[in-house]
Amino acid sequence: AGPIDYSYVLLENRYRGSEELITERLSYYVPFFKGVSAPVLEMGSGRGELQTLFKEAGIPSYGVEMDPAMAEACKDKGLKVVLSDGLSHLEGLEDHSLGGLIAIQGIEHLTQEQLKQLANLCLKKIKPGGKVIFETINTESMVALARNYFRDPTHVFPLHPETMKFMLGLMGLKVISVNKLSPYSEEAALKEIEVGEFMTPKWAVTIETLNRNIRRLNELLYGHQDYCIVAEV
């Protein structure tokens, strides 16, 4: 084997955020898998933040990672990670052998055919009632789409939350919820104009109309950066 290419690790470190920040954000997912009896598979375990959280919470789990540098980083932390393509690994598992599956910022790297294959494999390989969670970039937010989605050259196609909910339901998964995540800070958004006591009623109404438009623009431009779909087999 040739030397390991660390370029994607560097891209991840540069733009996704520190491991401490990502660990704090991913702690949101731990309660979904409390009490599972079979292993939870994480597709694309990256630097291992979620695997570390699962290990600390006593949740049986392991990761599948196709980037050798990422897999090496996880193994250096004592985490169980298989170096493989996630779909190929799922194909080789016994039916109903998993307690659940999660993919963080992963499905945007798949083609439509691969997404269908993944949904079908979830139905076959996960125990009935097991959770399936997919997190991806929120394409309803124009800034998230422009800054986060298009920054990564390995992304295949942006996935709208309503489209994903509809598609996963058609594929046989029971969609429980679509949850918006990672809001932009108030400092990043457009600022509303303060209505002062000295203003005439006409000016106050005008300013409030402007503020309503600013709020609508903020929803369009600075909506939540990510969303996750929680489904069940």
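What you see is a predicted model, and the numbers here were worked out from it, not measured in a lab.

J.: Describe the pattern of salt bridges, and please don't skip the residues or the numbers.
T.: Using the criterion set out here, one finds 10 salt bridges in the structure. The closest approach of N and O atoms between Arg-25 and Asp-226, which form a salt bridge, is 3.9 Å. Of this pair, Arg-25 sits in helix 2 (residues 19-26) while Asp-226 sits in strand 7 (residues 226-232), placing them 201 residues apart in sequence. In this structure, Lys-180 engages Glu-140 in a salt bridge whose closest nitrogen and oxygen atoms are separated by 2.7 Å. You can see Lys-180 sitting in strand 6 (residues 174-181) and its partner Glu-140 sitting in the loop between strand 5 (126-137) and helix 7 (142-149), a full 40 residues away along the chain. Counted as one network, the salt bridges with shared partners bring together Arg-25, Glu-135 and Asp-226.

J.: Account for the confidence of the model for the protein chain, naming residues and giving values.
T.: Chain-level pLDDT for the protein chain is 91 on average; 93% of the residues reach the 70-or-more range. Considering only residues more than four positions removed or in separate chains, one finds that residues 6-11, a stretch of pLDDT under 50, has 13 contacts.

J.: Mind laying out the pairing of strand 7, listing which residues take part and the relevant values?
T.: Along strand 7, 6 of the 7 residues are buried, which leaves the element largely enclosed by surrounding structure. Looking at chain direction, strand 6 and strand 7 are connected through 7 bridges and run antiparallel. Paired with Lys-174 across the two strands is Glu-232, which belongs to strand 7.

J.: Break down the side chain of Thr-139 for me, citing the residues and quoting the values.
T.: By the element assignment, Thr-139 lies in the loop between strand 5 and helix 7. The class for Thr-139 is buried, based on a relative accessible area of 14%. Within polar-contact distance, the side chain of Thr-139 engages the backbone oxygen of Leu-159 at 3.4 Å. Contact partners of Thr-139, with chain neighbours within four places excluded, come to Leu-145, Pro-158, Leu-159, His-160 and Pro-161.

J.: Give me the lowdown on the packing of aromatic side chains, citing residues and values where you can.
T.: The final tally for this structure, using the stated rule, is 6 aromatic pairs. Taking the centre distance of 5.1 Å and the plane angle of 85 degrees together, the rings of Tyr-28 and Tyr-29 count as edge-to-face. Tyr-28 gets classed as partly exposed once you look at its relative accessible area, which sits at 33%. Judged by its relative accessible area of 1%, Tyr-29 is buried. A ring pair is formed by Phe-33 and Phe-54, whose centres lie 5.7 Å apart and whose planes are at 80 degrees; its orientation type is edge-to-face. Of the two residues, Phe-33 sits in the loop between helix 2 and strand 1 (40-43) while Phe-54 sits in helix 3 (residues 49-57), which places them 21 residues apart along the sequence. Grouping aromatic residues by their ring pairs yields a cluster made of Tyr-28, Tyr-29 and Phe-32. The cationic tip of Lys-80 hangs over the ring face of Tyr-62; the distance from NZ or CZ to the ring centre is 5.0 Å.

J.: Tell me what's going on with the pairing of strand 4 (residues 98-104), and back it up with residues and numbers.
T.: Among the 7 residues that make up strand 4, 7 are buried, leaving the element largely enclosed by the rest of the structure. Two elements, strand 1 and strand 4, share 3 bridges in a ladder whose sense is parallel. When the bridges of strand 4 are listed, Leu-41 appears paired with Leu-101. In this sheet, strand 5 lies alongside strand 4 in parallel orientation, the contact comprising 6 bridges. Bridge pairing in strand 5 links Ala-103 to Phe-134. Taking the sense of rotation as the criterion, the β-α-β connection linking strand 4, helix 6 (residues 112-125) and strand 5 turns out right-handed.

About the thresholds
Along each chain, the written sequence defines residue order, and numbers are assigned to residues from 1. For a predicted model such as this one, the threshold for reporting local features is a pLDDT of at least 70, and the threshold for listing and counting side-chain atom pairs is 80 or more; totals across whole chains, interfaces and linings nevertheless cover every residue. Only hydrogens and water are set aside when side-chain values are computed; all heavy atoms of the structure are taken into account. A side-chain nitrogen of Lys or Arg and a carboxyl oxygen of Asp or Glu constitute a salt bridge if their distance falls within 4 Å. Strands here mean DSSP runs of E at least two residues long; helices mean DSSP runs of H or I at least four residues long; both are numbered from the N terminus. Scored from 0 to 100, pLDDT reflects the predictor's confidence in each residue. Here, two residues are considered to be in contact whenever any of their heavy atoms come within 4.5 Å of each other. Partly exposed residues are those whose accessible area sits between 20% and 50% of the maximum for their type, while under 20% is buried and over 50% is exposed, using a 1.4 Å probe and protein chains only. For two strands to count as paired, DSSP must find a minimum of two bridges between them. Polar contact is defined as a pair of N or O atoms within 3.5 Å, subject to the rule that within protein one atom must be able to donate a hydrogen and the other to accept it, and that residues adjacent in sequence are counted only when both atoms are side-chain atoms. Here is the rule: rings of Phe, Tyr and Trp (six-membered ring for Trp) pair when centre to centre is within 6.5 Å. Planes less than 30 degrees apart are stacked, more than 60 are edge-to-face, and the remainder are tilted. A ring is considered to have a charge above it if a Lys NZ or an Arg CZ atom is located within 6 Å of its centre and within 35 degrees of its normal. Handedness of a crossover is defined as follows: orient the strands so they point away from the viewer, and if the path from the first strand over the helix to the second runs clockwise, the crossover is right-handed.

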